[in-house]
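Tertiary structure, described
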Amino acid sequence: MKEQLMQILTECCPDIDFETEVALIDDGILESLDIVMIVSEIKDVLDVEITVDDLVPENFNSVDQILALVEARKS
Amino acid sequence: MAFTSLSFLILVAITVVVYYVFPKKLQWAVLLAASLAFYCIGGGKTVLYVFYTATTVYAAGLLLGYFNGKKDQVPKEQRKAVMEQYKKYRQLVVLFTCLANFVLLYILKYWNFTAELFQPLVDRFFHGAQIPLSSLLLPLGVSFFMFQSVGYVIDVYRGKYPPERNYLKLLLYVCFFPQMVQGPISRFHELAPQLYAQRKLDYTNLKYGIQLAMWGYFKKIVIADRAAVVVNTVMDNPWSYSGSMIAFGVLFYCIQLYGDFSGGIDITRGVARLFGIDLAENFQRPLFSVSLADFWRRWHITLGAWMRDYLFYPLALSKPFGKLGKITRKKIGGKLGKIIPTSLATFIIYFVIGIWHGANCRYIAFGFWNGSIITMSLLLEGKYSAIKKKLHINDKAAWFRAFQIMRTCFIVFLGRYITRAPRFLTAIWMIKETFLHPVLPNLWDGTILTLGLGIMDYVVILLSVMVMLAAEWYQEKHGVIREALEKQGFLVQWLAILIPLLVLLCFGILRSDTISSEFIYKQF
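Everything quoted here is computed from the prediction, not taken from an experiment.

As a further point, take the overall build of chain B. For chain B, the count of helices and strands is 21 helices and 0 strands. The C-alpha atoms of chain B give a radius of gyration of 25 Å, which matches the 24 Å a tight globule of 524 residues would have. Dimensions of chain B, computed from the C-alpha atoms along their principal axes, are close to 80 × 70 × 65 Å. Here chain B, with 524 residues, has 53% of them falling under the buried criterion. The contacts of chain B with a sequence gap of at least 6 include a subset with a gap of at least 24, amounting to 75%.

Turning to the pattern of salt bridges, a few remarks are in order. For the structure shown, the criterion picks out 20 salt bridges over all chains. Asp53 of chain A is the partner of Arg158 of chain B in a salt bridge, and the nearest nitrogen-oxygen pair spans 3.8 Å. Of this pair, Arg158 of chain B sits in the loop between helix H6 (142–157) and helix H7 (167–175) while Asp53 of chain A sits in the loop between helix H2 (32–45) and helix H3 (57–60), each in a different chain. Notably, a salt bridge pairs Asp155 of chain B with Lys160 of chain B, separated by 4.0 Å at the nearest N-O pair. Judged by its relative accessible area of 42%, Lys160 of chain B falls in the partly exposed class. Salt bridges sharing common partners tie together Glu31 of chain A together with Arg285, Asp294, Arg297, Arg298, Arg401 and Glu476 of chain B.

Our focus in this paragraph is the environment of Ala427 of chain B. By secondary structure assignment, the location of Ala427 of chain B is in helix H18 (residues 424–436). Separated by 12 residues in the primary sequence, Ala427 of chain B and Gly415 of chain B have C-alpha atoms spaced 9.5 Å apart.

Okay, the nonpolar core next. Ranked by size, the top nonpolar core spans 167 residues in total, and within it Ile42 of chain A together with Phe38 of chain B carry the most contacts. The dominant element in this core, judged by the number of residues it contributes, is helix H10 (residues 243–274) of chain B, at 16 residues. In contact with Ile42 of chain A, not counting residues within four places along its chain, are Leu5, Ile8, Asp47, Val48, Ile50, Ile66 and Val70 of chain A.

Take the packing of aromatic side chains next. Residue and element names in this part refer to chain B. Using the criterion set out here, one finds 46 aromatic pairs over all chains in the structure. For the ring pair Tyr106 and Tyr110, a centre distance of 6.4 Å and an interplane angle of 25 degrees mean the geometry is stacked. Take Tyr106: its relative accessible area is 33%, and that puts it in the partly exposed class. The exposure class of Tyr110 is buried, given its relative accessible area of 13%. Of the aromatic side chains, those joined through ring pairs into one cluster are Phe3, Phe8, Tyr19, Tyr20, Phe38, Phe176, Phe177 and Phe275. Just above the ring of Trp356 sits the side chain of Lys109; from NZ or CZ to the centre is 5.3 Å.

Let us now look at the domain arrangement of chain B. Residues and elements named next belong to chain B. We note that the domain assignment places domain 1 (6–191), domain 2 (200–279 + 402–515) and domain 3 (297–393) within chain B. Using C-alpha coordinates to define each centre, domain 1 is positioned 31 Å away from domain 2. Counting residues at the interface gives 18 residues for domain 1, matched by 16 residues for domain 2. Of the roughly 1,400 Å² buried between domain 1 and domain 2, counting both surfaces, carbon and sulfur atoms make up 76%. Considering only the surface of domain 1 that becomes buried against domain 2, Tyr20, Pro178 and Gln182 emerge as the three largest contributors, covering 39% of it. Here domain 1 and domain 2 share 0 salt bridges between them. Our enumeration of links across domain 1 and domain 2 arrives at 2 residue pairs in polar contact (both at pLDDT 80 or more). The biggest single contributor to the side of domain 1 that touches domain 2 is helix H1 (residues 6–21), with 7 residues. For the side of domain 1 that touches domain 2, the per-class residue count stands at 12 nonpolar, 5 polar and 1 charged.

In this section: the packing of helix H14 (residues 334–356) of chain B against helix H15 (residues 361–379) of chain B. All names here are of chain B. Contact pair H14 / H15: the axes reach a minimum separation of 7 Å and the direction vectors enclose 160 degrees. Considering the angle they form, H14 stands roughly antiparallel to H15. For the pair H14 and H15, the sense of crossing is right-handed. Where H14 approaches H15, its residues Leu336, Ile339, Ile340, Ser343, Thr346, Phe347, Tyr350, Phe351, Gly354 and Ile355 are matched on the opposing element by Tyr363, Ile364, Phe366, Gly367, Phe368, Asn370, Gly371, Ser372, Ile374, Thr375, Leu378 and Leu379. The class makeup of the residues in the contact of H14 with H15 is 14 nonpolar, 8 polar and no charged.

Here we come to the interface of chain B and chain A. Taken together, the 17 residues of chain B in the interface contact 17 residues of chain A. In total, about 1,600 Å² of surface goes out of reach between chain B and chain A, with carbon and sulfur atoms giving 64% of it. Its largest share of buried area at the contact with chain A, chain B owes to Tyr313, Leu317 and Lys338 of chain B, together 38% of the area lost on that side. Where chain B touches chain A, the interface holds 3 residue pairs in polar contact (both at pLDDT 80 or more). Elements supplying a minimum of two residues to the side of chain B that touches chain A: helix H12 (301–316), helix H13 (319–331) and H14 of chain B. It is H12 of chain B that contributes the most residues to the side of chain B that touches chain A, 6 residues altogether. Considering only residue class, the side of chain B that touches chain A consists of 7 nonpolar, 2 polar and 8 charged.

Moving on, we get to unusual backbone geometry. Residue and element names in this part refer to chain B. Residue Pro184 is reached from Gly183 by a cis peptide bond, and omega for that bond is 10 degrees. Here Pro184 shows up in the loop between H7 and helix H8 (188–195). Backbone geometry places Arg285, a non-glycine residue, at a positive phi of 50 degrees. Secondary-structure assignment places Arg285 in the loop between H10 and helix H11 (292–298). Here His392, not a glycine, exhibits a phi torsion of approximately 55 degrees, which is positive.

A few words now on the side chain of Arg329 of chain B. Positionally, Arg329 of chain B belongs in helix H13. Within the structure, Arg329 of chain B has its side chain in polar contact with the side chain of Glu41 of chain A (distance 2.6 Å). Contact partners of Arg329 of chain B, with chain neighbours within four places excluded, come to Ser40, Glu41 and Asp44 of chain A together with Gly337 and Lys338 of chain B.

What follows is about helix H4 (residues 63–74) of chain A. Residue and element names in this part refer to chain A. With 12 residues, H4 extends 16 Å between its outermost C-alpha atoms, agreeing within 8% with the 16 Å of an ideal straight helix rising 1.5 Å per residue. Of the positions making up H4, those classed as buried are Val63, Ile66, Leu67, Leu69 and Val70. Along the long axis of H4, the arc covered by the buried residues comes to 160 degrees, so they all point the same way. Looking at the buried residues of H4, the elements they touch are helix H1 (2–12), H2 and H3.

Scoring rules and cut-offs
- Residues numbered from 1 in each chain as written.
- Chains lettered and ligands numbered in written order.
- Predicted model: local features only at pLDDT ≥ 70, side-chain atom pairs only at ≥ 80, totals over all residues.
- Heavy atoms only, no water.
- Helix = DSSP H or I, 4+ residues; strand = E, 2+ residues; numbered from the N terminus.
- Rg over C-alpha atoms; globule rule 2.2 N^0.38 Å.
- Buried < 20%, exposed > 50% of the residue type's maximum accessible area, 1.4 Å probe, protein only.
- Contact = heavy atoms within 4.5 Å.
- Salt bridge = Lys/Arg side-chain N within 4 Å of Asp/Glu carboxyl O.
- Core = buried A, V, L, I, M, F, W, Y, C linked by side-chain atoms within 4.5 Å.
- Phe/Tyr/Trp six-rings, centres within 6.5 Å; stacked < 30°, edge-to-face > 60°.
- Lys NZ or Arg CZ within 6 Å of the ring centre and 35° of its normal.
- Domains from an automatic or database assignment.
- Buried area = accessible area lost by both parts, 1.4 Å probe.
- Polar contact = N/O pair within 3.5 Å; in protein donor to acceptor, adjacent residues only side chain to side chain.
- Nonpolar A, V, L, I, M, F, W, Y, C, P; charged D, E, K, R; others polar.
- Axes fitted to C-alpha atoms, helices over the stretch in contact; angles between N-to-C directions.
- Parallel < 35°, antiparallel > 145°, perpendicular 65-115°, else oblique.
- Left-handed = near helix turned anticlockwise from the far one by under 90°.
- Expected span 1.5 Å × (residues − 1).
- Arc of directions from axis to C-beta.

Dropping the structure here:
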C-alpha cells in the first residue's frame, strides 16, 4: 500500500520529498490544489472514499499520516 | 461609524476602560454591548440583519448538535450507522441555513444588478412589465458576517466542535465590532474562546494593539486617502487623460487599495488586541507574490481560506467532479487528464471571488481574468517546467524570483484596470490607451501636478510607500517586526507609536481636505 501511495504522491507533486517531509501542511509545502489532486488519485487508484471532513492538517502532514488515513478508510 | 472618526476612537476608549473594570465573568457582555452600539450607530435598523443571521445559525447549530449527539447515545461500533441515519437531516439543516443567508445576501447585493440585466429580456417578451427593484439598505460588512456565520454551521455539521448554546455569546461571535467593517472572516474555534475569555489588563496587549492600529492608520490616512485623490481624478474622467496618466492612476489605485484594505485590517487587529484578542491575519505581504495563485494566498487570506474549506474542497471532491475526473483520465490521460477537474473547480472559485467583490460586469470580468490565468498556469505547468529545464533556469535564483514578482505585479496591475474603471468596456479602452497611446512625456511635463496633489503630497506618498515596503521586506526576510521591537528599550518601543502618530498629525489629519475616510471593502 505504501509503495502505491508513494507513487501517487510523487506523480502528483514530483518536486516534494515525501520521504523526509513531516510538516507538509504546516509548512505550506502541500497546497489546496495538490491535496485535491492527491485525494482524487487516491480515490481513483486505491478505491478509497475520502471526504471533505478528512481534509484536516493532521491527516496530510506526512506520508505516514496519509497512509493511516487511507488504511482507516479502507477498513 | 468610520474607523477614522473621533466617535470610533471614543467608543474604543470607553469599551477598553469598561472591559477591564467590569467583573471578568461579564467581560464578553461588554464586547457585545459595544458591538451592538457600533452597529446601531453605523448601520441603524440594518442591525436586524445581524440578529437574523445570528438567529438562523444559532438554531442550525442547536439542531446539528442534537443530531450529532445521537451518536453518543449508542455504542462505538454503531456510531457510523447512526450518523448515516441522520445525515440527510443534518445536510438539510446546513442547506436551509445557507439558503436563508445567501438568498438574503443575493437580494441585498445582487438583485438590482440582475433585475437591470434581465429587464431588456422582460421588455421583449412581456411589454410594459417591470422587474421590481430592491430598495433595501446594504448592511455594513454583510458578506463578512454571513460568511463567518455560515462557516460556523458547516464546522458544527462536520463535528469540528459542539454548537454554542448561549445565544448572546454566539451573537457576539457574529458581530464583534472591530471586524464588522471589512473582516477578517474568523473561524469560531479560533475567535470564540478569545471573545469569552476572562482577562486582566495587560501592558503588552495594549502596546501591541496601539502599535498595530497606528501602523494601520498610517497606511489608511497618509497613503491610501492621499492616493485616492489621484485615483478619483483620473477615473472620474479617464477619457481626458493619456495612456500614461491612466496607468499612473491605476498604479495609485493599487497603492490606495492595499493601504486602505491592509491598513483597515491592521486597525481591526490592533483594536481587537487591546482586548487581548488575536484576530486572523488577512495579508502576508502580497507584493512579494511569485504567481497570481500565490498573490491570492497572501491577499485577503481569510476569504481565500473560507472559499477553500467551504466551497473548493466540497466542489472538487464532489461526485460530479469525481466522474469528470474519471472521464478525463480515460480520454485525455497523463497529468492533463488528472488536473482538468481541479482546474475547473479552481476557475469556478476565482470566478465566485470576483463576483463576491460586487454586482457588476466588471467584477464578473475580474473573476474571469483571475480564474483564467490561474487555470491556464495549472494546465500549462508541465510545459513551463520543460521550458525552464531547457533554458537551465534555476527556480531559486534571486533574479528569477524578482522576475516572478514583477510578472505577478503586472498581472495584478492589469486586473485593477477592470475593477476600478467606471465600466468594463472603459477598462478595455484604458488598457488599449496605456499600450497604444501612452504619451510618456506626461509623466514629467507637470501633468501629474494637475491630478489634485502637489509635489509635497507625492513626496509623502513616495516616502511612505518606501517605509511600508521596507517594513514588509523585513517581515518577509526576518518575521514579525514587533518581536524585534520588543528586544529594544522602552523608548524605541514607544517611538514606534509616536513617530506614526506625528506623521499622521502632520500629513494625515491636518490635511483633512484629502481625507476620504470610508474603506473600499466596507461595501463588500
